[in-house]
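Fold and geometry: a report
Listed below are the residues making up each chain.
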Amino acid sequence: MRKIFSFSAVVAMVAIAFAANAVQVGNIVVKRGVVDTVYRAKHVVVGMADPGAQFTVNGKSVKAYKTGTWGIELQLVPGENNIKIEDNAGSATFKVFYSTTPKPVKRDLAREAAMAEKAKFYPTSLKVSTKKYSYLNYGAGTDRLGGAKINYLSQGIELYADAENQNLYRVRLSGNRHAYIPKSQVEVIGKVAPDFDFMQDNVVLSESSSVYNAGDCDRVSIGVGGKKPYIVKEYTNPHKIVIDLYGVQCNSNWLTHKTGLKSVDNIDVESIDSDVTRFTVYLKTKSSWGFSVDYKGNNLVLDIKHVPAQLYLKNLTIGIDAGHGGPESNGAVGLSGLKEKDMNLDMAYQLKDILEKQGAKVVLSRSEDVGMSIRERQDKFIENKVDIAISIHCNAGGGPLSSLGTSTYYRYNVYKSLTEDILGYLMQMEGVNNFGMVGNFNFSLSAITDFPCVLVETLFISSLAEEEKLADAQFRRAMMENVAKGLVDYIKECRVAEGQAKK
Ligand SMILES: [Zn+2]
């Protein structure tokens, strides 16, 4: 009996939904909001019509945007509500039931089980070796952009996995510290021997180290008795880069400082645990132009890029990244069908044009509608030695009738002012709200330390009003002019801070 009832209920719902989807008056079509039961008094109805068309919904005047989209928020009464769309040519009505009982909670049991999963411990640790582009995560947590990353790791570092959690290995870095690494980023090379003692057998010694001017960077070469994992972080005030080497006991009694250093003031070493050694690289510079870390043999090599000698836009190479692309990745799509990938590419070209007119060299990550992984984008920027990278996207979320505005994102604190300068100009634009500036953002391109990187989420393409703005070529041009202004301001600030100019 119960079964028959629920079957017929499903049939009835499908029939209503099918009939309701056809709500249309002439060219006015309802796209969202035709549902039989809702649990909120505020109900949003959106649709398409001829651009600029005027009509009424429940007697309230509605005007379609230039993109042809329209939307209205209605206040429902408990029980059945008639929603009537009307213009000179005729009308159409559909019903929405507002239920004041709480919305039934749809539980995703599979996801709940995955979230509740605890690490499964191995009786014997696995030996794993890092692949190219591997990175460490702090924990087993995750979100839309993946777990919170610590940093990327060099290839061929051996780690000991003592547990697994979903698609992650828990790896032991030192006696007191664990991290997580995606299983796909390591190769399993064996198991530890039965008599393996982590505190004895894992530990190597740090050795003599040096710093010298290597042409376009200052190079810190740290002698380590084996390829060991590291956690690296750049700080401001004072400007320094700190590398903690795990499974490494401090034995560095010889830190050679060559003459002619441009970025590095001095390096220092200390033991912060019996099997963790910290190298601190104090920097002379105020601004950061990126660094890379990699093992060359058993030496951990930290290359710190020199500040460009003449800090003017015309002397710099700017990487511009148009987010998404290709048939697999449209990005967000607006109600009118406007695709984020197309807007991003157009704005990338606009920005390229603006910057090139001011003498800059520009490298685009993608120059047409093709799919491209973050790694391909990063590699292209590194190969072309970009000085600064700007990634252009459109945002989505928050409902079609809200105008949340523009926002900029950085991962590393050293690039906060670049992000701030660009946002400062964008939010001065008429009708553009400030969605805010976000730090420590887990965007993969911003996680690279090789060059400064800022992510610009221009506007919300999911917002009807903001989609209309994005659809306007002149508006997109104006947005990119403001991005360029912010960039120029940032370069000037660096020029002054580095003592290359008085103001
Ligand atoms: Zn995007």
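In this text the structure is predicted, and so the values were computed from the model without any measurement. (Residues numbered from 1 in each chain as written. Predicted model: local features only at pLDDT ≥ 70, side-chain atom pairs only at ≥ 80, totals over all residues. Heavy atoms only, no water.)

Next up on the list: helix α8 (residues 473-497). Between its first and last C-alpha atoms α8 spans 36 Å; for 25 residues at 1.5 Å apiece the expected length is 36 Å, and the two agree. N-capping of α8 is provided by Asp 472, with a side-chain oxygen placed 2.9 Å from the backbone N of Gln 474. One or two steps after α8, the chain reaches Gly 499, where phi turns positive at roughly 75°. (Helix = DSSP H or I, 4+ residues; strand = E, 2+ residues; numbered from the N terminus. Expected span 1.5 Å × (residues − 1). Polar contact = N/O pair within 3.5 Å; in protein donor to acceptor, adjacent residues only side chain to side chain.)

A word on the confidence of the model for the protein. Caution applies to low-pLDDT regions: their predicted coordinates should not be interpreted in detail. Residue-level pLDDT values for the protein average 93, and 96% of them are 70 or greater. The low-confidence segment residues 1-20, where pLDDT is below 50, has three contacts with residues more than four positions distant or belonging to other chains. (pLDDT = per-residue confidence, 0-100. Contact = heavy atoms within 4.5 Å.)

A separate point is the sheet that holds strand β29 (residues 388-395). Strand order in the open sheet made by the six strands is β28-β27-β29-β32-β30-β31, with mixed pairing throughout. Every other strand in the sheet has two partners, leaving β28 (361-364) and β31 (434-438) as the edge strands with one partner each. Here the strands of the sheet are splayed against their neighbours by 20° on average, with no regard to which way each runs. Packed on one face of the sheet, helix α5 (residues 374-383) meets β27 (317-322), β28 and β29 and runs near 165° to β27. This element, α8, spans β27, β29, β30 (406-409) and β32 (453-460) of the sheet and lies at about 145° to β29. (Pairing = 2+ DSSP bridges. Axes fitted to C-alpha atoms, helices over the stretch in contact; angles between N-to-C directions.)

Turning our eyes to something else, we now look at the nonpolar core. Counting residues in hydrophobic clusters, the biggest one holds 48 residues, and the most contacted among them are Ile 318, Ile 320, Leu 351, Leu 355, Ile 390 and Leu 487. Elements with a contribution of two residues or more to this core: β27, α4 (340-357), β28, β29, α6 (416-426), β32 and α8. Counting residues per element, this core draws most heavily on α8, which supplies nine residues. Here Ile 390 is in contact with Ile 318, Gly 319, Ile 320, Asp 321, Leu 351, Val 454, Val 456, Val 483 and Leu 487, once residues within four sequence places are set aside. Ranked by size, the runner-up nonpolar core spans 41 residues in total, among them Val 186, Val 211, Leu 261 and Phe 291. (Core = buried A, V, L, I, M, F, W, Y, C linked by side-chain atoms within 4.5 Å. Buried < 20%, exposed > 50% of the residue type's maximum accessible area, 1.4 Å probe, protein only.)

With that out of the way, let us pick up the pairing of strand β25 (residues 291-296). Burial of the side chains of β25 is restricted to one face: Phe 291, Val 293 and Tyr 295 are buried, whereas none of Ser 292, Asp 294 and Lys 296 on the reverse face is. Two elements, β25 and strand β26 (residues 299-305), share six bridges in a ladder whose sense is antiparallel. Across the sheet, residue Lys 296 finds its bridge partner in β26, namely Asn 299.

Pairing is possible between side chains that carry opposite charge, provided their charged atoms lie close to one another. Within this structure, the stated rule accounts for 15 salt bridges. Glu 80 is the partner of Lys 95 in a salt bridge, and the nearest nitrogen-oxygen pair spans 3.8 Å. Pair noted here: Lys 95 is in strand β9 (residues 90-98) and Glu 80 is in strand β8 (residues 79-87), with a separation of 15 residues, a long-range link. The class of Lys 95 is partly exposed, set by a relative accessible area of 47%. (Salt bridge = Lys/Arg side-chain N within 4 Å of Asp/Glu carboxyl O.)

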